Amino acid sequence: RNNSDGVYGSGSLWLEREPEAREVIEDLKKYDLSVYGEVVFCGYGEPTERLDDLIEVAKYIKSKSDIKIRINTNGLADLIWNEPTAPKLQGLIDTVSISLNATNKEEYLKIVRPKFGIESYEAMLKFTKECTKYVSLVVMTVVDIVTSKEEQEICRKICESVGATLRIRPYEG
């Protein structure tokens, strides 16, 4: 978002307005989904802010294709919606990728600056653990060059404690 308008040849990801779920579905009808390996809900914001639309679009995709669907998220959906959200993903989402970003709640608060405050870290971990009950692959990520090997090992143990797999992402600057 800071270096380019798009990613991987996508063109601009900046939108003049948020499309309604039905508009996204109408646009998807133009594509042969079988030629794609995966649909990813991500972008320059938190996809679970529009969880109902995400679910509606995912239902459409699953009704037309067995393409894999992934959500890249901050893991704060339960705080956003003030209710458990992981059960809503069952049968629709194949992978949830959650940004772990830190080894403890204080560091997480400093790095992420979530609007929900210090409770965000524990809520993110709880959401991750809940996702493992409903989604076949749950991954937590940290960025390679901003975490030390020691921090990465702590993150690996955190992931093990909640049933997720750690993915160390390359920095894309």
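Thresholds, definitions, all that
Residues numbered from 1 in each chain as written. Predicted model: local features only at pLDDT ≥ 70, side-chain atom pairs only at ≥ 80, totals over all residues. Heavy atoms only, no water. Buried < 20%, exposed > 50% of the residue type's maximum accessible area, 1.4 Å probe, protein only. Helix = DSSP H or I, 4+ residues; strand = E, 2+ residues; numbered from the N terminus. Pairing = 2+ DSSP bridges. Salt bridge = Lys/Arg side-chain N within 4 Å of Asp/Glu carboxyl O. Expected span 1.5 Å × (residues − 1). Contact = heavy atoms within 4.5 Å. Axes fitted to C-alpha atoms, helices over the stretch in contact; angles between N-to-C directions. Parallel < 35°, antiparallel > 145°, perpendicular 65-115°, else oblique. Nonpolar A, V, L, I, M, F, W, Y, C, P; charged D, E, K, R; others polar. Arc of directions from axis to C-beta. Patch = residues over 30% accessible without salt bridge, like charges linked within 9 Å, V, L, I, M, F, W, Y side chains within 5 Å. Areas by Shrake-Rupley, 256 points an atom, 1.4 Å probe, with all protein chains shown as cover.

Participant: So what exactly am I meant to see when it comes to the pairing of strand β3 (residues 95-99) here?
Facilitator: Every regular strand shows the same layout, with side chains that alternate between the two sheet faces. Most of β3 sits out of view: 4 of its 5 residues are buried. Relative to β3, strand β2 (residues 68-73) runs parallel, the two being bridged by 4 bridges. Within β3, the residue paired with I71 across the bridge is V96. Of the strand pairs in this sheet, β3 and strand β4 (residues 137-143) are connected by 5 bridges, and their pairing is parallel. Residue T95 lies in a different strand from β4, and its bridge partner there is L137.

Participant: Help me understand the pattern of salt bridges in this model?
Facilitator: Oppositely charged side chains can pair when the atoms bearing their charge come close. Counted under the stated rule, the structure contains 13 salt bridges. For K88, the salt bridge identified is with E83, shortest N-O distance 2.6 Å. One connected set of salt bridges, linked through shared partners, spans E18, R50 and D53.

Participant: When you look at helix α5 (residues 120-134) in this model, what are you seeing that I'm missing?
Facilitator: Since the α-helix advances by 3.6 residues per turn, residues separated by three or four positions end up pointing in the same direction. The end-to-end C-alpha separation of α5 is 21 Å, in line with the 21 Å expected for 15 residues at 1.5 Å each. Within α5, burial applies to S120, Y121, A123, M124, L125, F127, T128 and C131. Tucked inside the fold, the buried residues of α5 contact β2, α3 (77-81), β3, α4 (105-112), β4 and α6 (149-162).

Participant: What exactly am I supposed to notice about the packing of α5 against α6 here?
Facilitator: Two elements in contact, α5 and α6, have axes whose closest approach is 8 Å; the angle formed by their N-to-C orientations is 50°. Relative to α6, the element α5 lies oblique. Contacts between α5 and α6 involve Y121, L125, T128, K129 and T132 from the first element and I158, S161 and V162 from the second. Looking at the contact of α5 with α6 residue by residue, the class counts come to 4 nonpolar, 3 polar and 1 charged.

Participant: It is not clear to me how α6 should be interpreted in this structure. Could you clarify?
Facilitator: Along its 14 residues, α6 runs 20 Å from first to last C-alpha, staying within 8% of the 20 Å computed at 1.5 Å per residue. Taken as a whole, α6 has its buried residues at Q152, C155, I158, C159 and V162. For α6, the angular spread of buried residues about the axis comes to 115°, placing them on one side. The outward face of α6, more than 90 degrees from its buried face, is lined by the exposed residues K149, E150, K157, E160 and S161. Here the buried face of α6 lies against α5, β4 and β5 (165-169).

Participant: Quick question: what am I supposed to make of a nonpolar patch on the surface here?
Facilitator: Together, Y31, V35 and Y36 line one region of the surface with nonpolar side chains, adding up to about 330 Å² of accessible area. Turning to its location among the elements, Y36 is positioned in the loop between α1 (21-28) and β1 (38-41).

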